[in-house]
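Notes for the structure review
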Amino acid sequence: MADTASKGKVNGVESNGCEIMSYPDYAEEDQMGYDGDASNFVLINGPEMRTGSMEENGDEIDIPAEFAGLGWFDSRIAVLKNDIDLFTVGFSTVPRDWDKRPEDIPKDHPLRAIARVLDDAPPRTSICIKAYRLTDFFAIDLILHYGPTHNVKVILDFVSPQEIFHHDEMKAQQKCCQKNSISQIKKFLKLHEHRNSSQIFKTVEIRVADMLQPGCCPYGKSSMHEKIILTDNHLVTGSYNLTAYARCKNFESIRVSAPVPKDGETFNKHWDDIGEGRDITKFYKDYFDFLDETPTPKKARK
């Protein structure tokens, strides 16, 4: 992957790193990189221009104060479900410009349908998710929102320590690099730690799929490539990854249908086979050690 010293543009960024953009919120996180991290850019934030890069502390991602909190880290995420008719069944997206605000996401977009599906899940029931990657801040916000009121269980693809290390090294050098679920979840939590993100994160269970079990290809060539969302009322299937690139830069589609008992049985078997030892906070313990001092909140009563 070329960096910003290369000739021409890297995913829309001038090689000298000085293209001017105006992205006041999560959209700044979406910029650049395949599944994309940003390299250097000049940012306009209101009347003031700042120069920076996507640092680990997330300083370049600003949510206007009037939209912070209210049950969401960015309360504008709450509008995604509005006016979505799940009887449409199919939802799709095509490559387009990066979203500047959650409300810029097109009406029949897969993420809007997912937001509706999550909102329709009865309180204190299970929300079961399988995702190859979870790197989109919009999607992370959506999922964490339902942690305190639902039994949210997520299975993610394995991310190797080498991939995490490479990501962090490339970020330190302000170069484009592929996002991974572990780095992005940690970045999201750190960005919102003043809004009790760690406590809310502890209400969600995330496990890492075992890619070394019998039958898998050696050297990590197998992937947990399923993309499903299962609730008591709906089953979402399709190509859509929970990434910013899927949201804005890919051809993607999903279908929403009624679940059958076998759907829950299949997920629960996979969940149990993975086991508690592959909980994300245990499997990547050193990476999430900042959670150790965070009290675990009580869930809504069942």
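Residues numbered from 1 in each chain as written. Predicted model: local features only at pLDDT ≥ 70, side-chain atom pairs only at ≥ 80, totals over all residues. Heavy atoms only, no water.

To continue, consider the overall build of the protein. Along the backbone of the protein there are nine helices and 14 strands. Looking at the protein as a whole, 51% of its 302 residues qualify as buried. Looking at the protein alone, contacts between residues at least 24 apart form 70% of all its contacts between residues at least 6 apart. As displayed, the protein has an accessible area near 14100 Å², and 51% of this comes from carbon and sulfur atoms. (Helix = DSSP H or I, 4+ residues; strand = E, 2+ residues; numbered from the N terminus. Buried < 20%, exposed > 50% of the residue type's maximum accessible area, 1.4 Å probe, protein only. Contact = heavy atoms within 4.5 Å. Areas by Shrake-Rupley, 256 points an atom, 1.4 Å probe, with all protein chains shown as cover.)

As for its position among the elements, Asp74 is in strand β7 (residues 72–74). Each C-alpha atom, one on Asp74 and one on His192, is 9.9 Å from the other, the two residues being 118 residues apart in sequence.

Let us now look at the sheet that holds strand β8 (residues 90–93). Spatially, seven strands are ordered β8-β14-β13-β12-β9-β10-β11 in an open sheet, and the strand pairing comes out mixed. Since the sheet does not close on itself, it has two edges, and those belong to β8 and β11 (204–208), each with one partner. Mean inter-strand twist for the sheet, computed between neighbouring axes without regard to direction, equals 15 degrees. As judged from the five bridges shared by strand β10 (residues 151–156) and β11, these two strands associate in the parallel manner. Looking at β11, one finds that Leu156 is bridged to Val208. Contacts from helix α2 (residues 110–120) reach β8, β9 (126–131), β12 (228–230), β13 (235–238) and β14 (252–257), with the element oriented near 25 degrees to β14. (Pairing = 2+ DSSP bridges. Axes fitted to C-alpha atoms, helices over the stretch in contact; angles between N-to-C directions.)

Let us now look at the packing of helix α3 (residues 137–145) against helix α5 (residues 181–191). One way to put it is that α3 packs onto α5 with a least axis distance of 11 Å and a crossing angle of 70 degrees. As summarised for this structure, α3 and α5 are arranged roughly perpendicular, according to the angle between their axes. Judged by residue contacts, Phe137, Ile140, Asp141 and Leu144 of α3 engage Gln184, Ile185, Lys187, Phe188, Leu189 and Leu191 from α5. Residue composition of the contact of α3 with α5, grouped by class: seven nonpolar, one polar and two charged. (Parallel < 35°, antiparallel > 145°, perpendicular 65-115°, else oblique. Nonpolar A, V, L, I, M, F, W, Y, C, P; charged D, E, K, R; others polar.)

Let's shift gears to the nonpolar core. Judged by nonpolar contacts, the single largest core of 55 residues is most densely connected at Ile185, Leu189, Leu242, Tyr284 and Phe288. Apart from residues lying up to four places away in sequence, Ile185 is in contact with Leu134, Ile140, Leu156, Phe201, Ile206, Ile280 and Phe288. Listed in part, the 11 residues of the second largest apolar core include Ala209, Ile228, Phe267 and Ile274. (Core = buried A, V, L, I, M, F, W, Y, C linked by side-chain atoms within 4.5 Å.)

Burial runs high along β10: six of the six residues are buried. Here β10 shows a buried face lined by Asn151, Lys153 and Ile155 and a second buried face lined by Val152, Val154 and Leu156. Where β9 lies against β10, six bridges are found, and the strand directions are parallel. Considered in β10, the bridge of Cys128 is made with Lys153. Handedness of the crossover is the feature at issue here: the chain leaves β9, passes through α3, returns alongside β10, and the resulting connection is right-handed. (Right-handed = clockwise from strand over helix to strand, strands pointing away.)

Turning next to α3. Of all nine residues in α3, eight are buried, a share of seventy percent or more. Residues of α3 that are buried include every one of Phe137, Phe138, Ala139, Ile140, Asp141, Leu142, Ile143 and Leu144, and no others. Two or three places before Phe138, at the opening of α3, Asp136 has a side-chain oxygen 3.1 Å from that residue's backbone nitrogen. (Polar contact = N/O pair within 3.5 Å; in protein donor to acceptor, adjacent residues only side chain to side chain.)

Right, let's talk about unusual backbone geometry for a bit. With a phi angle near 70 degrees, Arg124 is a residue other than glycine that sits in the positive phi range. Turning to its location among the elements, Arg124 is positioned in the loop between α2 and β9. The partly exposed category is assigned to Arg124, whose relative accessible area is 45%. Despite not being glycine, Asn196 shows a phi value in the positive range, around 60 degrees. Structurally, Asn196 can be placed in the loop between α5 and α6 (197–201).

Looking now at the confidence of the model for the protein. Put simply, the protein has an average pLDDT of 77, and 70% of its residues get 70 or more. When the elements of the protein are averaged for pLDDT, strand β4 (residues 41–45) gives the smallest value, 28, and β12 the largest, 98. Across residues 1–25, where pLDDT falls below 50, the model places 66 contacts with residues more than four positions away in sequence or in other chains. Note that pLDDT drops below 50 for residues 32–61; the model gives that stretch 107 contacts with residues more than four away or on any other chain. (pLDDT = per-residue confidence, 0-100.)

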